[in-house]
Amino acid sequence: MFYAICGQDVPDSLERRKAARPAHLKRLEALRDEGRLLLAGPYPAVDAEDPGAAGFSGSLVVAEFASLADARSWADADPYVQAGIYSEVTVRPFRKVLP
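Residues numbered from 1 in each chain as written. Predicted model: local features only at pLDDT ≥ 70, side-chain atom pairs only at ≥ 80, totals over all residues. Heavy atoms only, no water.

Enquirer: Honestly, the packing of aromatic side chains in this entry has me stumped. Any pointers?
Expert: To describe a pair of aromatic rings, you give the distance between the ring centres and the angle between the ring planes. Under the counting rule described, the total for this entry stands at three aromatic pairs. With centroids separated by 5.8 Å and ring planes inclined at 50°, the aromatic side chains of phenylalanine 65 and tryptophan 74 adopt a geometry described as tilted. Exposure class is identical for phenylalanine 65 and tryptophan 74. Each is buried. Its guanidinium or amino end placed over the ring of tryptophan 74, arginine 27 lies 4.1 Å from that ring's centre, counting from NZ or CZ. (Phe/Tyr/Trp six-rings, centres within 6.5 Å; stacked < 30°, edge-to-face > 60°. Buried < 20%, exposed > 50% of the residue type's maximum accessible area, 1.4 Å probe, protein only. Lys NZ or Arg CZ within 6 Å of the ring centre and 35° of its normal.)

Take a look at the structure:
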């Protein structure tokens, strides 16, 4: 089943986010390579493709896991969590309808 993992950034987290990004992307690339990643990306803090110094307000990952507990465990081990970038992470079942 797919699960939506939504992380909410703490204020002024851009520099920490940049530092943790390579490790964060490595885990996402592993999901992609296993055929389990539906989509992933950040929420720009402002209405712009490149938010510059405004940074990001959070991230969304939608990926396939065996259970909610597995999805939660994966989310808890994210480098952005470990670096204190996310103030909150929610994990919910997700049912893809379109496309």
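Enquirer: Mind showing me how you'd approach helix H1 (residues 14-33) here?
Expert: Because an α-helix completes one turn every 3.6 residues, residues spaced three or four positions apart along the sequence face the same direction. Helix length check: H1, at 20 residues, gives a terminal C-alpha distance of 27 Å against a target of 28 Å (1.5 Å per residue), a fit within 8%. Its maximal kink placed at arginine 21, H1 deviates by approximately 50°, while the proline proline 22 follows within four residues. Among the residues of H1, Leu14, Arg17, Ala20, His24, Arg27, Leu28 and Leu31 are the ones counted as buried. Looking at the buried residues of H1, the elements they touch are strand S1 (2-9), strand S2 (37-44), strand S3 (56-64), helix H2 (68-76), helix H3 (79-82) and strand S4 (86-94). Count one or two residues on from H1 and you reach glycine 35, which has phi positive near 75°. (Helix = DSSP H or I, 4+ residues; strand = E, 2+ residues; numbered from the N terminus. Expected span 1.5 Å × (residues − 1). Bend = angle between axes of the 7 residues up to and from the residue. Contact = heavy atoms within 4.5 Å.)

Keep in mind these numbers describe shape, not what the thing actually does.
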